[in-house]
Amino acid sequence: MNQLQTSCTLGEASFNSLQRCPPLPRRRHLHLVPVHRRWKGDRARLVRWLRSWALVLMVLLLAPLVALLPPVQRLFFPLHFQEELMDAARHTGVDPSLLAAVALAESGFRPEAVSEQGALGLMQLLPTTGEWVAHEAGLPWRGPSSLRQPEVSLRSGGWYLAWLLRRFDGDQVLALAAYNVGQHTVDDWRVQRGALGLPELPYPETRFFVRRVLLARERYQVLYPELRLSGPEVVLARARSGG
């Protein structure tokens, strides 16, 4: 009985001590406290906070406008080997802007580029295709290493692209798709599916490639007015391409 009374006494003492303790302050969630109250009395800190957010908003608003400036767009659509590219366009009859767009999509204008399938150079031609093009077009062929030379790669790739455009009756979508996956694959698609446009191309990577090339061609035409053949050059190019 004494033990029970002692336990009750201790319990009452603990309860009384808890009652005498000051209540714990409520923790305010900072995200629920208005800014002017959160930093009340700290005006300098508030001004810095407002300035930082104003800068962020300004960047978000101006970034799309800055991206439309030609100098900025040229960073995303660069132009290299312009002399070799224009020479290839004159000899093959392919629009220089289209050649530049294919080189950008295929290799990023890197002559040393090599794909997992073994395609080489600016225009990413397989050695077997490069040798066949050299034989058909009368171009010099000194082995696969020739495709690492920008002038050879652009001339060979331009001739092959012009050949595909003639084969598919000038249809750029089909010609570019064949450049990406091979002419026989595109032939099989046409047999199985009939008429093919960009949305009907079965391979997502091929659709992406064709869409990217066509978009890049439009940008090159706007950003680089010098990528145009003169009147006599157009006539000569069309005669050489059979157009």
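Look above for the structure.
Here is a short report on the structure shown in this document. (Residues numbered from 1 in each chain as written. Predicted model: local features only at pLDDT ≥ 70, side-chain atom pairs only at ≥ 80, totals over all residues. Heavy atoms only, no water.)

As a further point, take the side chain of Ser 153. Mapping Ser 153 onto the fold places it in helix 8 (residues 150-167). Given the relative accessible area of 1%, Ser 153 is considered buried. At a separation of 3.3 Å, a polar atom in the side chain of Ser 153 contacts the main-chain amide nitrogen of Leu 122. The residues contacting Ser 153, other than those within four sequence positions of it, are Leu 120, Gly 121, Leu 122, Met 123 and Leu 147. (Helix = DSSP H or I, 4+ residues; strand = E, 2+ residues; numbered from the N terminus. Buried < 20%, exposed > 50% of the residue type's maximum accessible area, 1.4 Å probe, protein only. Polar contact = N/O pair within 3.5 Å; in protein donor to acceptor, adjacent residues only side chain to side chain. Contact = heavy atoms within 4.5 Å.)

In this structure, Glu 151 sits in helix 8. Relative accessible area serves as the criterion here: at 37%, Glu 151 is assigned to the partly exposed category. Separated by 70 residues in the primary sequence, Glu 151 and Phe 81 have C-alpha atoms spaced 8.3 Å apart.

Let's shift gears to the pattern of salt bridges. Enumeration over the complete set of coordinates arrives at three salt bridges. Of the charged contacts, one joins Asp 87 and Arg 155 as a salt bridge, the two residues approaching to 3.9 Å between their closest N and O atoms. One end of the pair, Asp 87, is in helix 5 (residues 82-92); the other, Arg 155, is in helix 8, with 68 residues separating them in the sequence. Accessibility expressed as a relative area gives 30% for Asp 87, which makes it partly exposed. Overall, the relative accessible area of 23% leaves Arg 155 in the partly exposed class. (Salt bridge = Lys/Arg side-chain N within 4 Å of Asp/Glu carboxyl O.)

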